[in-house]
Amino acid sequence: MNKKLLVFLILVIFMFSLTVASAKMIKVGGVACLTGAAATYGASTRNGTRLAFDEQNDLGGVDIGGEKYLIHYIFEDDQGSPEQAANAFRKLIDQDEVYAILGSVMSSCTLAGAPIAQDSGVPVISPTSTAVQVTRTGDYIFRSCFLDPFQGAVVASFSYNDLNAKTAAVIFDNANDYTKGLAEAFRESFVSIGGEVVAYESFTEEATTVDFSAQLTNIKSANPDVIFLDAYYSAAALMAKQARALGITVPFVGADGWDSAEFTKLGGEAVEGGYFCNHYSPADPRPIVQNFVKKYTEVYGGTPDALATLAYDAGLILIDSLNRAGSLDRAAIRDAIMATNLECVSGVITFDGWGDPIKSAVVNKVEGGKFVFQKFVQP
Amino acid sequence: MTKKQISSSVNKKMLAYDKLPNWKKYAFISAITLFFLALYISFFGIQAFFQQLVNGIQLGSIYALIALGYTMIYGIIRLINFAHGDLFMFGAYISCFLGNYLMAHNFRYPFIVVLIFSMVVTALLGMAIEKIAYKPLRFKPRLAALITALGVSLFLENFFALSPQNVPFPLNKIVFGPKYILFPALIAEKTYNIGGIAINNIKILIVIITIILMIALQYIVKKTMIGKAMRAVAFNKDACLMMGINIDKVISITFGIGISLAAASGTLYALTYGQLQSPYLGIWPGLKAFIAAVLGGIGNIPGAMLGSYVMGVSETFATSINSNFGYGIAFVILIVVLVFKPAGLLGKFTKEKV
């Protein structure tokens, strides 16, 4: 028995010394929700980031001031709760002394953790927090996703310029901040580029409303050139079907709420020829996208969703910035992030003064039950 | 004015309305309706008006089938069966599963088979619920049965919403799960354009089936032996017992018929919208159908039909005028009607002896 224990101990010590001896490490923290209501979001985000770091480590790690460092990714689960997120940020900063944090998923969680990171001078890149205030916390806070007002503007500009729509109708859920914000942003930018919103209809609570025929009949009489179905995929598919049944033939447009394989199953014929704005398209022919989709599918199985993509991009931005930072100084890393100009999966990313990305959105078309990459749009 | 004075003045107004001869009442109601119609048409155009009318009638038909069951059960045993909306949901799910099976095996007329099967299975479940949950409370205070009905309703919703992965073997074959599912296209949808008004075959079918079922129900209640027994039980249970009427059987059959109508409505609902969101989907249609039944005069079968169509049409028009209004309007109409006619549109007000 003693012998066995001895062998085991020697093995452990041997392995430990091996990892320590092989390369220098740079610690990077990750925060996302792996439990709770949005658990799948957290899993996608962690997978995306880990893939980016693993790829870089296989190439020998990042190059800081002429020395190679392997990225040591320390992950914390915030359970989707702001308190846990604050604890996770605190632990990563005080105990693990990380050089940067990628997280968290939900805006409320990032908002809880960001002030701590800002005060300690640790750069943060949130992959998916879309609330405007997140990056307003301070100059160490960045994100790799675009904001809802931006999406509204993309849909408006695509409808006006590419679909030649001069009039538009909007139908949205007025009990949901996401759809409400999008509808307002769409209306504002569509009017500002010269279009006219001829119908602005709402409904209450997607979960309980299934009959949109009254609103759609109004839209039909207003005779718009395009209809913005501003809802998540199941309601959007229902609306599309009911609109076609009422004899409405104009094209539909939508935002990233449509992004689900279920959408075409539910909508069938009715959603064919619709266009929607998204963070990325797996059918985007650029090599970086195809490479990412292939690797992600190999490692985790299944096509990466938008969250995984944004997390992967956050990882790429950080790797690129570490390579350019030149020293292990958090302020230098922050400056390097700010100066980012990098081709990522979701487009070429640079940052504005707030730390929000300036990039283009992807417009997909629904064709033959699939999402086909259409074009990049930058309003 | 004090509270008493206000209530007495309201009473006086109601009495004044009640005292009007019938033709004046109808003239009053038609004048108001015509006024709103003219206003609507002048704003939205005649075409939109007829389109919304069609939409409203379709919605009303779905409410009507649920409301008929509510009203029948209330009429016979004075029980508001709050589980009605959930049996509606059950009917929709059953027809979804059978529909998928039949579609996969290229059955020729899947819709009729699905409709009848779902009505029968749901009626059996309803009768079982009656035996287990309501029968033991039949001669107990009415509040007990009402609370039990609420309990049954909550149980059905939450039981069927369990995820199959989270429950042990025999149950995981029964529960539906909380996620929405697609409903098979049992009938290929065809849209007809009649003078700019779009009507599809499913909408026409729904209205036709609703009317057939209503006539059948009216026939059963008015012309058959069992219908006579139902009316007798509704009139006086104790006397029925003495006359040798098997009231258990009569009540059971009443439940079966009422609930099979809810199941039919569930099937038509699923066919119209093509998806089942979750086992909670019966709550709102059930609630609105209940309001429709009260509006028409609960316990009164033609009243339930009338109330449902009034509800469906007014909800559609209210939504079209301002899309935020739709849900609230049901309750506003209910309050207004009940202020003027406390027994509902076609109900007779009978003072309860205490």
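Here the structure is a predicted model, which means the values were calculated and not measured.

What follows is about the overall build of chain B. Each helix and strand in chain B was counted, giving 14 helices and four strands. Scaling as 2.2 N^0.38, a compact globule of 354 residues should have a C-alpha radius of gyration of about 20 Å, and chain B matches this with 22 Å. By principal-axis analysis of the C-alpha atoms, chain B measures approximately 65 × 60 × 40 Å. Pairs at least 24 residues apart make up 72% of the contacts formed inside chain B by residues separated by at least 6 positions.

Looking now at the overall build of chain A. Helices and strands together make up the secondary structure of chain A, namely twelve helices and 16 strands. Expressed along its principal axes, the backbone C-alpha trace of chain A runs to roughly 80 × 50 × 40 Å. Buried positions account for 54% of the 379 residues belonging to chain A. Sequence separation of 24 or more characterises 66% of the internal contacts of chain A that already satisfy a separation of 6 or more.

In this section: helix H4 (residues 84-104) of chain B. An α-helical segment advances 3.6 residues per turn. Residues three or four places apart therefore align on the same side. Its 21 residues give H4(B) an end-to-end C-alpha distance of 30 Å, which sits within 8% of 30 Å, the value for a rise of 1.5 Å per residue. Most of H4(B) sits inside the fold, with 16 of its 21 residues counted as buried.

Ile101(A), Phe228(A), Ala236(A), Met239(A) and Ala67(B) are the most contacted members of the largest nonpolar core, which has 206 residues in total. Counting residues per element, this core draws most heavily on helix H3 (residues 46-77) of chain B, at 15 residues. Of the domains in this structure, domain 1 (23-146 + 286-359) and domain 2 (149-278) of chain A are the two that each give at least three residues to this core. The contact partners of Ala236(A), leaving out residues within four places of it in the chain, are Leu229(A), Ala231(A), Gly254(A), Gly257(A), Trp258(A) and Phe263(A).

Moving on, we get to the sheet that holds strand E4 (residues 100-102) of chain A. Sheet strands line up and pair through hydrogen bonds in the backbone, either parallel or antiparallel. Residues and elements named next belong to chain A. Pairing within the open sheet is mixed, and its six strands lie in the order E2-E3-E1-E4-E5-E6. Edge positions in the open sheet fall to strand E2 (62-64) and strand E6 (141-143), since each of these has one partner strand only. Sheet twist, expressed as the average angle between the axes of neighbouring strands with direction ignored, equals 35°. Across three bridges, the pairing between strand E1 (residues 24-32) and E4 is parallel. Bridging across to E4, Gly29 finds its partner in Ile101. Packing against the sheet, helix H2 (residues 39-58) makes contact with E1, E2, strand E3 (67-77) and E4, and its axis sits at approximately 165° to E3. Along the sheet, helix H4 (residues 107-120) contacts E1, E4, strand E5 (124-126) and E6; its crossing angle with E5, the most-contacted strand, is approximately 165°.

Attention now moves to the packing of H3(B) against helix H11 (residues 247-273) of chain B. Residue and element names in this part refer to chain B. Packing of H3 against H11 leaves a shortest axis separation of 8 Å and a crossing angle of 165°. Judged by the inter-axis angle, H3 sits roughly antiparallel to H11. Here H3 runs over H11; the crossing is left-handed. Contacts between H3 and H11 involve Ile62, Leu65, Ile66, Leu68, Gly69, Met72, Ile73, Ile76 and Ile77 on the former and, on the latter, Ile251, Thr254, Phe255, Ile257, Gly258, Ile259, Leu261, Ala262, Ala264, Ser265, Leu268 and Tyr269.

Bringing the interface of chain A and chain B into the picture now. Between chain A and chain B, the contact holds 23 residues from the first and 26 residues from the second. Those elements that place two or more of their residues in the side of chain A that touches chain B are strand E8 (196-203), helix H7 (213-222), helix H8 (233-245) and helix H9 (261-267) of chain A. In terms of residue count, the dominant contributor to the side of chain A that touches chain B is H7(A) (six residues). Split by residue class, the side of chain A that touches chain B holds eight nonpolar, eleven polar and four charged.

Residue and element names in this part refer to chain B. With respect to the helices and strands, the residue Thr122 is situated in helix H5 (residues 110-134). With 123 residues separating them along the chain, Thr122 and Ile245 place their C-alpha atoms 26 Å apart. Those residues in contact with Thr122, other than ones at most four positions away along the chain, are Leu87, Phe90, Gly91, Ile94, Ile259, Ser260, Ala262 and Ala263.

Another aspect to go through is unusual backbone geometry. All names here are of chain A. Cis geometry is found at the peptide bond from Gly103 to Ser104, where omega equals -10°. Positionally, Ser104 belongs in the loop between E4 and H4. Located in the positive-phi region is Gln79, a residue other than glycine, with phi close to 55°. Its place among the elements puts Gln79 in the loop between E3 and helix H3 (82-94). Judged by the 20 C-beta atoms lying within 10 Å of it, Gln79 is buried.

The next thing to look at is the domain arrangement of chain A. For chain A, the assigned domains read domain 1 (23-146 + 286-359) and domain 2 (149-278). Computed over C-alpha atoms, the centres of domain 1 of chain A and domain 2 of chain A are 33 Å apart.

Let us now look at the pairing of strand E15 (residues 361-367) of chain A. Residues and elements named next belong to chain A. In terms of burial, E15 is largely enclosed, as five of its seven residues are buried. Of the strand pairs in this sheet, E15 and strand E16 (residues 370-377) are connected by seven bridges, and their pairing is antiparallel. In the strand pairing of E16, Val366 is matched with Phe371. Two successive antiparallel strands, E15 and E16, enclose a turn made up of two residues, where Gly368 displays a positive phi of approximately 60°.

With that out of the way, let us pick up the pairing of strand E11 (residues 275-278) of chain A. Residue and element names in this part refer to chain A. Burial along E11 is two-sided: Tyr275 and Cys277 facing one way and Phe276 and Asn278 facing the other are all buried. As paired strands, strand E10 (residues 252-254) and E11 are joined by two bridges and run parallel to one another. By the bridge assignment for E11, Val253 is matched with Tyr275. The parallel pair E10 and E11 is bridged by H9, and the resulting crossover is right-handed. Note that E11 and E15 share four bridges and pair antiparallel. Within the sheet, the bridge partner assigned to Cys277 lies in E15 and is Val363.

Residues and elements named next belong to chain A. Taking strand neighbours across the sheet as the criterion, the three strands line up as E12-E13-E14 in an open arrangement whose pairing is antiparallel. Across the chains shown, the open sheet's two edge strands, defined by having one partner strand only, are strand E12 (341-344) and strand E14 (357-358). By the bridge criterion, two bridges tie strand E13 (residues 347-351) to E14 in an arrangement that is antiparallel. Across the sheet, residue Phe351 finds its bridge partner in E14, namely Pro357.

Further remarks concern the environment of Ser189(A). Position of Ser189(A) relative to the elements: it lies in helix H6 (residues 177-192). On the basis of neighbour count, Ser189(A) is assigned to the buried category, with 21 C-beta atoms found within 10 Å.

Between H7(A) and H3(B), the least distance of the axes is 10 Å, while the angle of their chain directions is 165°. Compared by their axis directions, H7(A) and H3(B) come out roughly antiparallel. Once H7(A) is placed against H3(B), the crossing between them reads as right-handed. Residue-level inspection shows Ser213(A), Ala214(A), Thr217(A) and Ser221(A) of H7(A) in contact with H3(B), the latter providing Ala48(B), Gln51(B), Gln52(B) and Asn55(B). Tallied by class, the residues present in the contact of H7(A) with H3(B) amount to two nonpolar, six polar and no charged.

Calculation criteria
Residues numbered from 1 in each chain as written. Chains lettered and ligands numbered in written order. Predicted model: local features only at pLDDT ≥ 70, side-chain atom pairs only at ≥ 80, totals over all residues. Helix = DSSP H or I, 4+ residues; strand = E, 2+ residues; numbered from the N terminus. Rg over C-alpha atoms; globule rule 2.2 N^0.38 Å. Contact = placed C-beta atoms within 7 Å. Buried ≥ 20, exposed ≤ 12 C-beta atoms within 10 Å, placed from the backbone. Expected span 1.5 Å × (residues − 1). Core = buried A, V, L, I, M, F, W, Y, C linked by C-beta atoms within 7 Å. Domains from an automatic or database assignment. Pairing = 2+ DSSP bridges. Axes fitted to C-alpha atoms, helices over the stretch in contact; angles between N-to-C directions. Parallel < 35°, antiparallel > 145°, perpendicular 65-115°, else oblique. Left-handed = near helix turned anticlockwise from the far one by under 90°. Nonpolar A, V, L, I, M, F, W, Y, C, P; charged D, E, K, R; others polar. Right-handed = clockwise from strand over helix to strand, strands pointing away.

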